[in-house]
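What follows is each chain in one-letter form.
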Amino acid sequence: MKMMRMVYILFDGMTTLDFVGFYDAVTRMGVLKAIENVSWDFCSNKEEVTVIED
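Trainee: Would you mind going over the pattern of salt bridges in detail, with residue names and values included?
Mentor: Counting across every chain of the model gives two salt bridges. A salt bridge links lysine 46 to aspartate 12; the nearest nitrogen and oxygen atoms lie 2.3 Å apart. On the criterion of sequence distance, the pair formed by lysine 46 in the loop between β3 (38-43) and β4 (51-52) and aspartate 12 in the loop between β1 (4-9) and β2 (14-15) is long-range, its members being 34 residues apart. Of the residues examined, lysine 46 reaches a relative accessible area of 41% and is grouped as partly exposed. The closest approach of N and O atoms between arginine 28 and aspartate 24, which form a salt bridge, is 2.9 Å. With a gap of four residues between them, arginine 28 and aspartate 24 both fall in helix α1 (residues 16-31), about one helical turn apart. Look at aspartate 24 and you get partly exposed, because its relative accessible area is 32%.

Definitions and limits used
Residues numbered from 1 in each chain as written. Predicted model: local features only at pLDDT ≥ 70, side-chain atom pairs only at ≥ 80, totals over all residues. Heavy atoms only, no water. Salt bridge = Lys/Arg side-chain N within 4 Å of Asp/Glu carboxyl O. Helix = DSSP H or I, 4+ residues; strand = E, 2+ residues; numbered from the N terminus. Buried < 20%, exposed > 50% of the residue type's maximum accessible area, 1.4 Å probe, protein only.

Written as structure tokens, this is what we have:
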């Protein structure tokens, strides 16, 4: 079976909602067994990103 790989790109100016929207959806897919053989990671072109508080 093929492995699905996803990545979330972190960026300056993102909000908490930007992050939580992705994180919640991906973790629920795993909990509900909606998708098997999926992995995900975070990446950025910077070592630190600035988050805007909601």
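There's more to say after this.
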